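Residue strings, one per chain:
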Amino acid sequence: MIRKLIVPFFVLFLTSTFLHADQTSDAKIVLSKYFEALKVYDTTIMSDLMHPEALAQFKGVFNGALNGPKSDLAKLKILPLFKVGTVEEFKKISNKDVYKSYNDMVVNARPEILKIMKESQFSIVTSDIQKGIAYFTYNMTLNIDGQIVNENVVQKLKLNNGNWMLLLPEDAETSIAIIANKYK
């Protein structure tokens, strides 16, 4: 009797192990594409790899600022960044285009980022999948004016229609928290 139970359990264990490894591999491929896009700072590819929930979260901060207690200040500061004159025009911009435009603005304001990112290096340190979220810790090495900076970053990915897509990285979470706080 025990022998009959061991074989199916063993098959289930192997199947789940291979499925987990396959999912991790698929998520790692997406993360590698993101690294490639970062190196050339291709904001179109970067935004294409972002999960719709992350893009909505990103745009939501600007929506909150434009409709919050300091909306007059937000309108003066935020609308010109996206080359629109009204909140209604801003609302028509897709979540993906808000993310892309914001990143384009950052690099336009600080063109040295292109050189830094071109010379950047990324290496995955750990990976794990828990409750439908893939967690990767990677080391990012940047050369900033001759000074080497190493930073460990946790990047989360989530499935969307069967495809792994990136959630907001920690630095984007920090940026949007600063924006949200500024217009409270």
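For the structure, see preceding data.
Residues numbered from 1 in each chain as written. Predicted model: local features only at pLDDT ≥ 70, side-chain atom pairs only at ≥ 80, totals over all residues. Heavy atoms only, no water.

Visitor: It is not clear to me how the sheet that holds strand E2 (residues 133–144) should be interpreted in this structure. Could you clarify?
Guide: Strand pairing in a sheet relies on backbone hydrogen bonds, with the paired strands running either antiparallel or parallel. Spatially, E1-E2-E3-E4 is the arrangement adopted by the four strands of the open sheet, whose pairing is antiparallel. Only two strands of the sheet have a single neighbouring strand rather than two, namely strand E1 (121–130) and strand E4 (163–166). Each neighbouring strand pair of the sheet contributes to a mean axis angle of 30°, computed without reference to strand direction. Pairing of E2 with strand E3 (residues 147–160) involves 12 bridges; the strand directions are antiparallel. Directly across from Thr141, in E3, lies its bridge partner Asn150. (Pairing = 2+ DSSP bridges. Helix = DSSP H or I, 4+ residues; strand = E, 2+ residues; numbered from the N terminus. Axes fitted to C-alpha atoms, helices over the stretch in contact; angles between N-to-C directions.)

Visitor: What exactly am I supposed to notice about the environment of Ala54 here?
Guide: As for its placement among the helices and strands, Ala54 is situated in helix H3 (residues 52–66). Judged by its relative accessible area of 1%, Ala54 is buried. Along the sequence, Ala54 and Met165 sit 111 residues apart, while their C-alpha atoms lie 9.2 Å from each other. Filtering out sequence-adjacent residues up to four positions away, Ala54 remains in contact with Leu166, Leu167 and Leu168. (Buried < 20%, exposed > 50% of the residue type's maximum accessible area, 1.4 Å probe, protein only. Contact = heavy atoms within 4.5 Å.)

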